[in-house]
Amino acid sequence: MADSLGARAKPAARTVPDRAWQRMLSGRRLDLLDPSALDIEIEDIAHGLARVARWNGQTVGAHIYSVAQHCLLVETLARVKAPRLDRGRRLAVLLHDAPEYVIGDMISPFKAVIGDAYKAVEHRLLTAIHRRFGLPPKSPPELVDLIKTADRQAAFLEATRLAGFSIAEARRFFGQPPKISTSIERDYLKPWPAETAQARYLDRFKKLAEE
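These lines cover the structure that appears in this document, whether it is placed above or below. Every value quoted in this text rests on a predicted model; they were computed, and no experiment measured them.

Here we come to the packing of aromatic side chains. Inspection of every chain in the model, using the stated rule, returns seven aromatic pairs. On the basis of an interplanar angle of 55° and a centroid distance of 6.2 Å, the ring pair of Phe-173 and Phe-174 is categorised as tilted. Classification of Phe-173 by relative accessible area gives exposed; the value is 52%. Of the residues examined, Phe-174 reaches a relative accessible area of 19% and is grouped as buried. The rings of Trp-55, Phe-165, Phe-173 and Phe-174 are connected pair by pair, giving a single aromatic cluster. Seen from the ring of Trp-21, Arg-29 lies directly overhead, with NZ or CZ sitting 4.5 Å from the centre.

Here you go:
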């Protein structure tokens, strides 16, 4: 409709809804607010976790210390502590940080600042990941406790070997140092290239999924 001066009225600006999904290299489109197990692929998880840095990248070495490598270390420490852990529970340990392939790895102090919003997104993603790979949506308390223990042990080792923490400082934040074999020290505490971390994570997943 023209006004008294003959000018045409401008159409209302079109509003574009905020995007709450991420396109994966597999072609999947994962909705962060309502993630579907059908949109989750282990190849996407392995690719992403191998390229997400622990400790905000503040670690020594030519490569980042990736979340994929951390998850393999945690699963190894959990098996040391609970040698009879069954396949499904070992798989849950391996996948404990899998949501970070989408939301990244925030350091604990920043998670505390954000609060429940981050935890809610993380929980929804982990539930969908568990469903995708045939695990119970919620892990039993004893498994949660085992994961937390192994995760703290891994954090102590990473902090003191890679992230510049003193032993005393690491004890304050992560508890007592774990006793580990020389093979764990050699195999898991030197940062790998992303391609190596991705391949080893995928290989471990397949071994646990096929047992």
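Another point: unusual backbone geometry. For Trp-55, which is not a glycine, the phi torsion comes out positive at approximately 60°. Since its relative accessible area comes to 17%, Trp-55 is described here as buried. Phi angles above zero are rare outside glycine, and Asn-56 is one such case at about 55°. Relative to the helices and strands, Asn-56 is located in the loop between helix H1 (42-49) and helix H2 (67-81).

Attention now goes to the environment of Ser-139. Take Ser-139: it is sitting in the loop between helix H6 (116-132) and helix H7 (141-161). Using a relative accessible area of 17% as the deciding quantity, one classes Ser-139 as buried. When the C-alpha atoms of Ser-139 and Arg-89 are compared, they prove to be 8.4 Å apart, with 50 residues separating the residues in sequence.

Attention shifts here to the nonpolar core. If you look at the biggest cluster of nonpolar residues, it comprises 49 residues, and the most contacted ones within it are Ile-45, Leu-95, Tyr-101 and Tyr-201. Of all the secondary structure elements, the ones that give two or more residues to this core are H1, H2, helix H3 (87-94), helix H4 (100-103), H6, H7, helix H9 (182-188) and helix H10 (194-210). When residues in this core are grouped by element, the largest group, eight residues, is from H2. Discounting chain neighbours no more than four positions away, the residues touching Tyr-201 are Ile-42, Ile-45, Ala-46, Leu-49, Ala-68, Cys-71, Leu-72, Leu-94 and Leu-95. Among the nonpolar cores identified, the runner-up in size contains seven residues, and Trp-55, Phe-156, Ala-159 and Ala-170 belong to it.

What follows concerns H3. Among the eight residues in H3, six count as buried, and that is most of the element. Listing the buried residues of H3 in full gives Gly-88, Arg-90, Leu-91, Ala-92, Val-93 and Leu-94. On the buried face of H3, the contacting elements are H2, H6, H7 and H10.

Quick notes on the rules
- Residues numbered from 1 in each chain as written.
- Predicted model: local features only at pLDDT ≥ 70, side-chain atom pairs only at ≥ 80, totals over all residues.
- Heavy atoms only, no water.
- Phe/Tyr/Trp six-rings, centres within 6.5 Å; stacked < 30°, edge-to-face > 60°.
- Buried < 20%, exposed > 50% of the residue type's maximum accessible area, 1.4 Å probe, protein only.
- Lys NZ or Arg CZ within 6 Å of the ring centre and 35° of its normal.
- Helix = DSSP H or I, 4+ residues; strand = E, 2+ residues; numbered from the N terminus.
- Core = buried A, V, L, I, M, F, W, Y, C linked by side-chain atoms within 4.5 Å.
- Contact = heavy atoms within 4.5 Å.

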